[in-house]
Amino acid sequence: QVQLVESGGGFVQPGGSLRLSCAVSGSIFSINTMGWYRQAPGKQRELVADVTSGSRTRYADSVKARFTIARDNVKNTMYLQMDSLRPEDTDVYFCNAQVSSWGGDGYHNYWGQGIQVTVSS
């Protein structure tokens, strides 16, 4: 079993910062790409940023130069530093990881439970 647990969300005023964390635990042999997604009610889940096992990063145009994704391969943890937050960044944020388990059959996609980020004055 593999679990992803997000933390660090909350309420912040426009222009403020938050740092999200996603800790992966369980039967982990290897983690491939990890990513952050967000979803508003009634809308599709969209990619915010992702990072490969080799630390190559990719960002949605709407967050470039404001958000920074990083991962710690020793701690099996991923981070999203969010600066210059805007009201339109308000969403539920989900972490995602492609994980292969000991004795498993390759990589499987896992999701966290989601964490609320609210940007408002």
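Preceding this section is the structure that the text describes.
Quick caveat, the model's predicted, so the values are computed rather than measured.

Visitor: Give a detailed account of the overall build of the protein, specifying residues and quantitative values.
Guide: Along its length, the protein carries zero helices and 11 strands. Each helix and strand of the protein, ordered N terminal to C terminal, gives the series β-β-β-β-β-β-β-β-β-β-β. Radius of gyration (C-alpha) of the protein: 14 Å, near the 14 Å computed for a compact globule of 121 residues. The dimensions of the protein, computed from C-alpha atoms along their principal axes, are 50 × 25 × 20 Å. Expressed as a percentage of its 121 residues, the buried residues of the protein come to 40%. The contacts of the protein with a sequence gap of at least 6 include a subset with a gap of at least 24, amounting to 55%. Of the side-chain charges in the protein, 11 are positive and 10 negative, and the distance between the mean point of each set is 3 Å.

Visitor: Quick one: what's the story with the environment of Q13, residue by residue and with numbers?
Guide: Its place among the elements puts Q13 in the loop between β2 (10–12) and β3 (18–26). For Q13, a relative accessible area of 52% corresponds to the exposed category. When the C-alpha positions of Q13 and S121 are compared, they lie 5.1 Å apart, and in sequence the two are 108 residues distant. In contact with Q13, other than residues within four places in its own chain, are V119 and S120.

Visitor: Lay out the pattern of salt bridges in plain terms, naming residues and giving numbers.
Guide: Using the criterion set out here, one finds six salt bridges in the structure. As a salt-bridge pair, R38 and D89 come within 3.0 Å of each other at their nearest N and O atoms. Here the residue R38 occupies a position in strand β4 (residues 30–39), and D89 occupies one in the loop between β8 (77–82) and β9 (91–100), the gap between them amounting to 51 residues. A residue is classified by how much of its surface remains accessible, and D89, at 1% relative accessible area, is buried. The closest approach of N and O atoms between D89 and R66, which form a salt bridge, is 2.8 Å. Residue D89 is located in the loop between β8 and β9, and its partner R66 is located in the loop between β6 (57–59) and β7 (67–72); the two are separated by 23 residues in the primary sequence. We note that D89, like R66, is buried. In the salt-bridge network here, residues are joined through shared partners; they are R38, E46, R66, D89 and D91.

Visitor: Before we move on, could you go through the state of the cysteines and cite the residues and values that matter?
Guide: The final tally for this structure, using the stated rule, is one disulfide. A sulfur-sulfur separation of 2.2 Å characterises the disulfide bridge that pairs C22 with C95. In this structure the cystine formed by C22 and C95 twists about its S-S bond by roughly 55 degrees; its chirality is therefore right-handed. With a gap of 73 residues between them, C22 in strand β3 and C95 in strand β9 connect regions that are remote in the sequence. By the burial criterion, C22 is buried, and C95 matches it.

What counts and what doesn't
- Counting restarts for each chain, with residues numbered from 1 along the sequence as it is written.
- Predicted model: local features are reported for residues with pLDDT of at least 70 only, side-chain atom pairs are reported and counted for 80 or more only, and whole-chain, interface and lining totals are derived from all residues.
- Excluded from the side-chain calculation are hydrogens and water; included are all heavy atoms of the structure.
- The helix count covers DSSP runs of H or I at least four residues long, the strand count covers runs of E at least two residues long, and both are numbered beginning at the N terminus.
- Values of the radius of gyration come from C-alpha atoms, whereas the globule rule sets the reference at 2.2 Å times the count of residues to the power 0.38.
- Exposure is judged per residue with a 1.4 Å probe applied to protein chains only, and the accessible area is read against the type maximum: over 50% gives exposed, under 20% gives buried, and values in between give partly exposed.
- Contact between two residues is taken to exist if any of their heavy atoms lie within 4.5 Å; hydrogens are not considered.
- His is not counted here, nor are the chain ends, while Lys and Arg score as positive and Asp and Glu score as negative.
- Note on charges: their place is set at NZ of Lys, CZ of Arg, CG of Asp or CD of Glu.
- Throughout this description, the term salt bridge denotes a Lys or Arg side-chain nitrogen within 4 Å of a carboxyl oxygen of Asp or Glu.
- Cysteine sulfur atoms that come within 2.5 Å of each other are treated as a disulfide pair.

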